Amino acid sequence: LSVQPDGVVTTSMTLRMGRRRHVGPLLCEASVLRKGRASVVVLVSVTDEGDDDAAVASCVMTCAVLARESPDPTFGRPVHHPMAPPQPEPVSLVEFFGVQPGSGLVTPLEIGDYLRNTWGILHGGAIALLSDLAAVRAVRFEAGSAQGALSATDMVLHYLAPARVGPVEARCTVMGTRPDASVVRVAMYDTGVEDRMIALASVTVSPR
């Protein structure tokens, strides 16, 4: 909204999670830290409304400003979009985002049309989700049956190029493991465009 009529695409994201057990609903509040001609820096603070507004996570995102071919409609302020009603037969998060089932160090994602943003490229949120799921799968794969429930807690993600064709492959390397966490490097490639690297992430995976 701060750069209208232009739009934004995410270029980097750093997420730190303070607590992993949540009551919900979670409230995400975004504030613009810096607005420049070519970039916007945003702080997103996440709190747990069901747990006396306890702090859950903090995320700093840097976004590039891109000119639109046709401006979006003008928004009235304050902006309010009512929540859509629940789907009677909801699909799983993995299925919705086109992440293929399986295990191992490589996790593929099919780019559905509904996952594309205004410019027809894979939405940055889908890439972040893929980083999360792929890192957890990689740690579970290498640990075998000795590892219990896992979750990604911290993430540093750099968006390098747009993903346009797909499938996108997240290729993981477990960089190191300590008693309380493992660190995974996730390199993502658009296999439909000469295997071009589109994003690189470092993800911390911890026991729940």
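Residues numbered from 1 in each chain as written. Predicted model: local features only at pLDDT ≥ 70, side-chain atom pairs only at ≥ 80, totals over all residues. Heavy atoms only, no water.

## Here's the deal with the pairing of strand S8 (residues 181-190)
Link 1 in the chain: Burial analysis of S8 places eight of its ten residues in the buried class, which makes it a mostly covered element.
Link 2 in the chain: Pairing between strand S7 (residues 168-178) and S8: ten bridges, direction antiparallel. Counterpart to Val174 in the pairing with S8 is Val184.
Link 3 in the chain: Between the end of S7 and the start of S8, which pair antiparallel, lie two residues.
Link 4 in the chain: Relative to strand S9 (residues 196-207), S8 runs antiparallel, the two sharing nine bridges. Residue Asp190 lies in a different strand from S9, and its bridge partner there is Arg196.
Link 5 in the chain: Adjacent in sequence and paired antiparallel, S8 and S9 are bridged by five residues, among which Glu194 carries a positive phi angle near 55°. (Buried < 20%, exposed > 50% of the residue type's maximum accessible area, 1.4 Å probe, protein only. Helix = DSSP H or I, 4+ residues; strand = E, 2+ residues; numbered from the N terminus. Pairing = 2+ DSSP bridges.)

## With respect to the side chain of Ser206
Link 1 in the chain: Residue placement: Ser206 occurs in strand S9.
Link 2 in the chain: Residue classification places Ser206 among the buried residues on the basis of a relative accessible area of 6%.
Link 3 in the chain: Here Asp180 takes part through its backbone oxygen, which lies 3.4 Å from a polar atom of the side chain of Ser206.
Link 4 in the chain: With residues up to four places along the chain from it excluded, the contact list for Ser206 reads Arg20, Ala149, Leu150, Ser151, Thr153, Asp180 and Ala181. (Polar contact = N/O pair within 3.5 Å; in protein donor to acceptor, adjacent residues only side chain to side chain. Contact = heavy atoms within 4.5 Å.)

## Looking at the pattern of salt bridges
Two side chains carrying opposite charge are able to pair once their charged atoms lie near each other.
Link 1 in the chain: Scanning all chains against the criterion turns up five salt bridges.
Link 2 in the chain: Between Asp154 and Arg16 there is a salt bridge, and its shortest N-O distance comes to 3.9 Å. With Asp154 in strand S6 (residues 150-159) and Arg16 in strand S1 (residues 7-17), this residue pair connects regions lying 138 residues apart in the sequence.
Link 3 in the chain: In this structure, Asp180 engages Arg178 in a salt bridge whose closest nitrogen and oxygen atoms are separated by 2.7 Å.
Link 4 in the chain: Judged by its relative accessible area of 45%, Asp180 is partly exposed.
Link 5 in the chain: Here the salt bridges do not stand alone but share partners, grouping Glu169, Arg171 and Asp195 into one network. (Salt bridge = Lys/Arg side-chain N within 4 Å of Asp/Glu carboxyl O.)

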